[in-house]
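Each chain, written out:
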Amino acid sequence: MNAQKVFYVTTPIYYVNASPHIGHAYTTIVGDVMSRFYRMSGYDVFFMTGTDEHGDKIAEAARKNNETPKSFTDRISAQFRNLWPQLAVTNDYFIRTTDENHVRTVQYILQKVYDSGDIYFGEYGGHYCVGCERFYTETELVDGKCPDHQTEPEFRKESNYFFKMSKYQQWLIGYIHDNPDFIRPERYRNEVLAFLQQPLEDLCISRPKTRLTWGIEIPWNKEYVTYVWFDALINYVTGIGYPDGKDFGKYWAASEHLIAKDIVKPHGIYWPTMLKSAGIGPYKNLNVHGYWNVDASKMSKSLGNVVRPLDLKDKYGLDAFRYFLLRDMVFGLDSSFSEEALVQRINSDLANDLGNLVSRVVAMDVKYFKGKVPAPKAADEADRKITEAAAKTLGEVEQFFRELTFHKVLISIWEFINVANKYIVENEPWTLAKDPAKSGRLETVIYNLMESLRLTAYFVYPFMPDTARKILDQIGLADVKEFRFDDIRSWGGIKPGAAVTRGEALFPRVEYKKEEEAPSKKFEMLPEIAWDDFGKIDLRVAKVMEAEAVPKSAKLMKLKIDCGEVRTIVAGILQDYKPEEMVGRSIVVVVNLKPTKLMGVESRGMLLATDAEKGGLALVGFDKEPVPGGKVR
Ligand code: MSP
């Protein structure tokens, strides 16, 4: 095997304090899609995922469950491990930070870094957020609270070991400048560089055992365990056998880390400096994607909107789910999940475009050639359209995969599918079949369509492996063992005479049913608050100046308002109000809410509304014309 054709891809190792959801599924399915693509391209692939099991957060979750950390982590880790095959994820290895070989490697690296003088003992006091497992500086806190968890961190002071991260700051800045792809897409590279403009503090890498025992012991001082991030990041080298395993030498230089934007700092700063200090070369690329939100809100247990991958698989089928995830998210940007959007994709892209193409072509072959692939005659001008489209898509698939623009890969594949659908319409096989001269055109047209189905199966394979197989089964290629790009580089791989059989519809159309609204609950009051707390909410009269629907959203409307100043807010009122009805109306807006982005549009405030008696929403309004910007008390 060519020495350069090696690909190593990792997902974050997931915390075992929560069950897997769509966010975890997305990163891991991206890892799978990439692994399948590189295997198809002849690469030697190693794909790893796993679970992160040490630290305060996990120990606390186990305690809350009345379980020992060991039995708790065994149980939740197994949920992740067992989930992946059900999502057709083909990881080569599943790592746990409680694995013995991982513990050994962490201790080996700690000792190495300590011996080189990059770890020292010192005292530290700071604001610690257990949810994040890290200390926050004053400036990072928002109103004294952790910006991610909205909780006040604890103040902690203790003696600990520190890693001299600051020593490598200049080196890291230089390395990122010299290797523009090191952290990608660019926005995250910029984020890391912006962070590196401030002096780096050294990293506290231990916890006294008096406070936490659930961790890996510091090898030279048994009174301490190591900090969870120092432990966790090392998984990426343990999994391929660092320091002595031969796989380490083979795969490390080709390592691709996949993460979401939440953990850019540990991966973009801690990890490269740790590697540098340990004398290990840097990983190849850090690939960062955005967040899946749900119906435009952040997913969270407390909002009760956590989306479970197996529920969607059971309801809509695995391939449709995988397709949707990769088609609807632009890698690097946030995306909003909704079942409605998923159903739309199934009906249009999968049932209409792809499913129909396969069933029409197979049905025509069965009808006109008794289920045998016909032998083509000379190609003419009309056929060039389809062969050229195939070559174009193949080139684009390979290019866009390398650029991580998976949605573009799929768009390109669908362009080819649509060319094939058009080729049917333009060549009218049903008319050719009636041609008494039997010029041979029908054979050529059907042959080309069968070949297009073969190519389509290969194209969609990384995303929808089961569908790819089902297509090959129908066109007499059930015995293809492996999908390899080399087998679709030239037109004509399907052999005349192959047996074609009709199968079930690949993607039956589905109907989207809105969940019934729960019947209104009895009066349940939130906990009492102080007058002062109410005073913190800045409610204002706002006059709507302009209104328009947010593109691609069924619910969201963008409003330009005058609330004393002109600004934009986004509100989920599109199903109840038309944009033109809103213009000129006076509404009530919370103006000091932290700005948030909804479907890519920044909203600087929230309007007030309630449930209308007859269903839908009713806006809070006024019985006399108020003054824009006036305080609502
Ligand atoms: N244990 C650490 C990672 C250590 S890696 C050395 C951790 N675990 S986590 O369980 O919180 O997983 C975070 C990752 O899960 C994200 O980086 C992303 O891969 C995935 N996602 C979790 N929620 C997500 C969304 N809402 N959207 C997209 N992916 C997200 O951090």
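Preceding this paragraph is the structure being described.
Please read all numbers here as calculations on a predicted model, not as lab measurements.

Quick look at the pattern of salt bridges
(1) Moving on: Taken as a whole, this structure holds 41 salt bridges when the rule is applied.
(2) Moving on: With a closest N to O distance of 2.7 Å, Asp538 and Arg540 form a salt bridge.
(3) Moving on: Using a relative accessible area of 15% as the deciding quantity, one classes Asp538 as buried.
(4) Moving on: Taking relative accessible area as the criterion, Arg540 reaches 22% and is therefore assigned partly exposed.

Here's the deal with the sheet that holds strand S11 (residues 221-226)
(1) Moving on: The strand order across the open sheet formed by three strands is S9-S11-S10, and the pairing between neighbours is antiparallel. Edge positions in the sheet fall to strand S9 (206-208) and strand S10 (217-218), since each has one partner strand and no second.
(2) Moving on: By the bridge criterion, three bridges tie S9 to S11 in an arrangement that is antiparallel. Residue pairing in the sheet places Arg207 in a bridge with Val225 of S11.

Notes on helix H17 (residues 441-460)
(1) Moving on: For H17, with 20 residues, the first-to-last C-alpha span of 28 Å sits near the 28 Å given by 1.5 Å per residue.
(2) Moving on: Within H17, 19 of the 20 residues are buried, which leaves it mostly tucked inside the rest of the structure.

Overview of the packing of helix H12 (residues 318-328) against helix H15 (residues 406-427)
(1) Moving on: The N-to-C vectors of H12 and H15 enclose an angle of 110°; their axes lie 7 Å apart at closest approach. If you check the angle between H12 and H15, you find them roughly perpendicular. The segment H12 lies against H15, with Tyr323, Leu326 and Arg327 engaging Phe406, His407, Leu410, Ile411 and Trp414.
(2) Moving on: Of the residues assigned to the contact of H12 with H15, the class counts are six nonpolar, one polar and one charged.

Notes on the sheet that holds strand S6 (residues 154-163)
(1) Moving on: Ordered in space as S5-S4-S6-S8, the four strands form an open sheet in which the pairing is antiparallel. Looking at strand neighbours, the two that pair on one side only are strand S5 (134-136) and strand S8 (203-204), the edges of this open sheet.
(2) Moving on: Contacts from helix H10 (residues 264-277) reach S5, S6 and S8, with the element oriented near 30° to S6.

Looking at empty space enclosed by the protein
(1) Moving on: In this structure the tally under the stated criterion is one cavity of 30 Å³ or more.
(2) Moving on: Here the largest cavity defines a volume of roughly 50 Å³.
(3) Moving on: The wall of the largest cavity is formed by His54, Gly55, Asp56, Tyr128, Glu133, Arg207, Leu212, Trp214, Gly215, Thr226, Tyr227 and Val228.

Digging into the environment of Leu212
(1) Moving on: Looking at the element boundaries, Leu212 is found in the loop between S9 and S10.
(2) Moving on: For the pair Leu212 and Ile417, spaced 205 residues apart in sequence, the C-alpha separation works out to 57 Å.
(3) Moving on: Ignoring anything within four residues of it in the chain, the contact list for Leu212 reads Gly55, Asp56, Ala59, Arg207 and Val225.

Considerations on unusual backbone geometry
(1) Moving on: For the peptide bond that leads from Arg184 to Pro185, omega is -5°, which places it in the cis range.
(2) Moving on: Between Tyr242 and the following residue, Pro243, the backbone shows a cis peptide bond with an omega angle of 5°.
(3) Moving on: Its place among the elements puts Pro243 in the loop between helix H8 (235-238) and helix H9 (246-251).
(4) Moving on: Even without glycine at this site, Asp143 takes up a positive phi of about 50°.
(5) Moving on: Its place among the elements puts Asp143 in the loop between S5 and S6.
(6) Moving on: In this structure, Glu428 is a non-glycine residue whose phi angle is positive, near 40°.

With respect to the packing of aromatic side chains
(1) Moving on: Throughout the structure, instances matching the rule amount to 41 aromatic pairs.
(2) Moving on: Centre to centre, the rings of Phe46 and Tyr93 are 6.4 Å apart; their planes meet at 35°, and the pair counts as tilted. Of this pair, Phe46 sits in strand S2 (residues 44-52) while Tyr93 sits in strand S3 (residues 93-96), and the two are 47 residues apart along the sequence.
(3) Moving on: Look at Tyr242 and Phe248: their rings are 4.9 Å apart centre to centre, the planes differ by 65°, and that puts the pair in the edge-to-face class. The pair Tyr242 / Phe248 is uniform in exposure class, with both members buried.
(4) Moving on: Each residue in the set Phe7, Phe37, Tyr38, Tyr43, Phe331, Phe401, Phe406, Phe463 and Phe485 is aromatic and connected to the rest through ring pairs, giving one cluster.
(5) Moving on: For Arg211, the ring lying beneath its charged end belongs to Tyr128, and the centroid distance is 5.9 Å.
(6) Moving on: When the ring centre of Tyr458 is taken as origin, the NZ or CZ atom of Arg454, which lies over that ring, is 5.7 Å away.

Thoughts on the site of the ligand
(1) Moving on: With respect to spatial proximity, 23 residues lie near the ligand, and among them Ile13, Thr27, Asp52, Asp262 and Trp292 are the closest.
(2) Moving on: Within the side chain of Asp52, one N or O atom sits 2.7 Å away from a nitrogen atom of the ligand.
(3) Moving on: Separating an oxygen atom of the ligand from a backbone N or O atom of Ala260 is a distance of 3.0 Å.
(4) Moving on: Sorting the residues of the shell around the ligand by element identifies strand S1 (6-15), helix H1 (22-40), helix H7 (228-233) and H8 as the ones contributing at least two each.
(5) Moving on: Residues of the shell around the ligand, tallied by class, amount to 13 nonpolar, eight polar and two charged.

Thresholds, definitions, all that
Residues numbered from 1 in each chain as written. Predicted model: local features only at pLDDT ≥ 70, side-chain atom pairs only at ≥ 80, totals over all residues. Heavy atoms only, no water. Salt bridge = Lys/Arg side-chain N within 4 Å of Asp/Glu carboxyl O. Buried < 20%, exposed > 50% of the residue type's maximum accessible area, 1.4 Å probe, protein only. Pairing = 2+ DSSP bridges. Helix = DSSP H or I, 4+ residues; strand = E, 2+ residues; numbered from the N terminus. Expected span 1.5 Å × (residues − 1). Axes fitted to C-alpha atoms, helices over the stretch in contact; angles between N-to-C directions. Parallel < 35°, antiparallel > 145°, perpendicular 65-115°, else oblique. Contact = heavy atoms within 4.5 Å. Nonpolar A, V, L, I, M, F, W, Y, C, P; charged D, E, K, R; others polar. 1 Å grid on protein atoms, 1.4 Å probe; cavity = no way out; pocket = protein on both sides within 12 Å on 5 of 7 lines; lining within 4 Å. Points joined across faces, edges and corners; volume = space filled by probe spheres on them. Phe/Tyr/Trp six-rings, centres within 6.5 Å; stacked < 30°, edge-to-face > 60°. Lys NZ or Arg CZ within 6 Å of the ring centre and 35° of its normal. Near = heavy atom within 4 Å. Polar contact = N/O pair within 3.5 Å; in protein donor to acceptor, adjacent residues only side chain to side chain.

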